[in-house]
Every structure is written in structure tokens, then in C-alpha cells.
Amino acid sequence: MLRRVPPLHDLVELAARIGYGARGFVYLSVGVLILLAAVDLIGDAVGTKGALAWLAQRPLGRLWAFLIGLGLAAFVMWRVLQAVFDADHEGVSWRALGTRLSQMFSGLSYAALAVAAFGLMAGTPADPASEGVTRSQSQAAAVLDLPLGQWLLVAGGLTIFGIGVSNIVKAWREDFTEYLACSARLCRRVAPLARAGHVARGLAYLPLASLVVLAGLDARASEVTSFGSALDAVERQPAGPWILALAALGFVAFGAFSFVEARFRRIRPPRELKAPL
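Residues numbered from 1 in each chain as written. Predicted model: local features only at pLDDT ≥ 70, side-chain atom pairs only at ≥ 80, totals over all residues. Heavy atoms only, no water.

Colleague: Which parts of the structure should I look at to understand the environment of G71?
Modeller: Mapping G71 onto the fold places it in helix α3 (residues 61-83). Residue classification places G71 among the buried residues on the basis of a relative accessible area of 3%. Linking G71 and G19, residues 52 residues apart in sequence, is a C-alpha distance of 4.7 Å. If we ignore the near neighbours within four places in the chain, the residues touching G71 are I18, G19 and A22. (Helix = DSSP H or I, 4+ residues; strand = E, 2+ residues; numbered from the N terminus. Buried < 20%, exposed > 50% of the residue type's maximum accessible area, 1.4 Å probe, protein only. Contact = heavy atoms within 4.5 Å.)

And the structure:
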């Protein structure tokens, strides 16, 4: 019976592909919900956690939450292999270490998202958008209570701003087809999905970053909001619904590219779990 168990190398590859698929499903859901909010078919725009909460309220919601949580946990495992054990064979140059560090931070963010997905199995908030704002303000208040908390909150906002800008820069500088095992023709077709997705993700971070910085400067946690509420603020501006719709399409594109990665990305798990540092 043990002979039928696939090698660990194959199991890790399968888990990584499931992880990319789970990420794609989350971002595709976020994009669709933001698009529905932009055309006033639902109330508020949502971020990734809000999208999970919305999905958890649908039929078989707890099963959705469990499956998405497992998929995201698999993606976190792959991020650890990339960042710590250099699964992509980036090396130890400064540029490579920067790439691996970003993969580690990405893993941490998806770990938090996986925990949130598993938490939804116990119950879902009646109003995910309001609950997200309350949680963000509570976290901001806790930071402000720390020594130099005002400046720590400003630093947090600037970090969010830096993440947004780095996504935009990555959209223009990165070769997103480098790790894809597909034909040159297909690679040319799917690369714009990745670029549009990273631009959308980057621009979507900027409103939230500005609100967090202002909250720190004013020392008022009440000015902090959630990712989805920051997008709602954008929607209230002139041409806001159009901007929000473009952002939604970008998230959909990022989700679609994640599905492409789930199918075609070169997954090369390290033979030995030994960090090359």
C-alpha cells in the first residue's frame, strides 16, 4: 500500500499548485465583488478577508472556508520553500535575497488569510465590511497606545504605500513568464494578466496607506479603515465607479493569472530542506 503513495516531491508540487489555485479563487472573488459594488449591485467593496466572509455566508459556506483555508495553507508552505529553501534557485545575491524576502512577507500575509478562513468555520460576521473597519480601528488604537505609537502607525502606512508602489514597479519590470512551462504564444497572452493584476493591487493599496498615515499624524484610530472601505472612499470621488471597476478587472486578471500559474508554473521543490544561507 505504501508503494502507492506519491513521492514527497510530487506531493509538494501538487500542494503548491493547489495553493496557486486557492489564491486565484480568492482574488477572482474579490474582483467580482468589487465590480458588483462599483455598479451598485451589492453594498460595499471588500478586500480579501471580506470576500472570504461573503463566501462563507453562501450555501455550504463553512465547507468553502475550510477548502480555501487548506489551499492557502498549501500556498504558505510553498512560499516558505521559496523564501527559506530557495525552491526557485534565486541564489544569494542582493536582488535574489530581496525577492526571497518579499516571498516571505507574502507567505506571512497569506498565513493570516488562511487563519481568517479557518476562523470563519466557527461563524461569520453579520456585516463583514463593518467588522473589518472595527478590527482595523482596534488594531490602530493598540498601536497608538504603544511608545511612539503615533509614528509607528505612520510607519505602517508608509509600509503599505511601499507595498503598493512595489507592486506597480513589479508590473513593469518583472518577467512573469520566466517560471511558466508553456508555449511562447501562450506566455505572451497571459503576461498582460499578471501586469494588470499587479498594477491593480498596487493602486488599491494607496488609498488605505494614505488613511493610515493621516491617522498616525492625527493620532486618531477612528480615521483608519479597512481595505474595502478605502475602496468605497475612492468610489465616492468623481469617476470613482469607473476607477473601482478598472481595479476590479485588475483583481480578476490577477486571479486568472494565478490559475495559469497553478497549471503551468515550474514547481521545483528542493530535494533537501537546507537553507542556502
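Having seen the model, we can carry on.
Colleague: Even after reading the chapter, I still don't get the pattern of salt bridges, so can you show me in this structure?
Modeller: Side chains that differ in sign of charge can pair as their charged atoms come close. Applying the stated criterion across every chain yields a total of five salt bridges. The salt bridge involving R220 is made with D218; its shortest N-O contact spans 3.8 Å. Classification of R220 by relative accessible area gives partly exposed; the value is 46%. By sharing partners, the salt bridges in this structure join R23, D88, E261 and R265 into a single network. (Salt bridge = Lys/Arg side-chain N within 4 Å of Asp/Glu carboxyl O.)

Colleague: Please explain the packing of aromatic side chains as it appears in this structure.
Modeller: Each aromatic ring pair is characterised by the separation of its centres together with the angle its planes make. Following the criterion strictly, the structure yields seven aromatic pairs and no others. Between F25 and W64, the aromatic rings sit 5.3 Å apart at their centres with planes inclined by 10°, giving stacked as the arrangement. With F25 in helix α1 (residues 8-38) and W64 in helix α3, this residue pair connects regions lying 39 residues apart in the sequence. Look at F25 and you get partly exposed, because its relative accessible area is 26%. (Phe/Tyr/Trp six-rings, centres within 6.5 Å; stacked < 30°, edge-to-face > 60°.)

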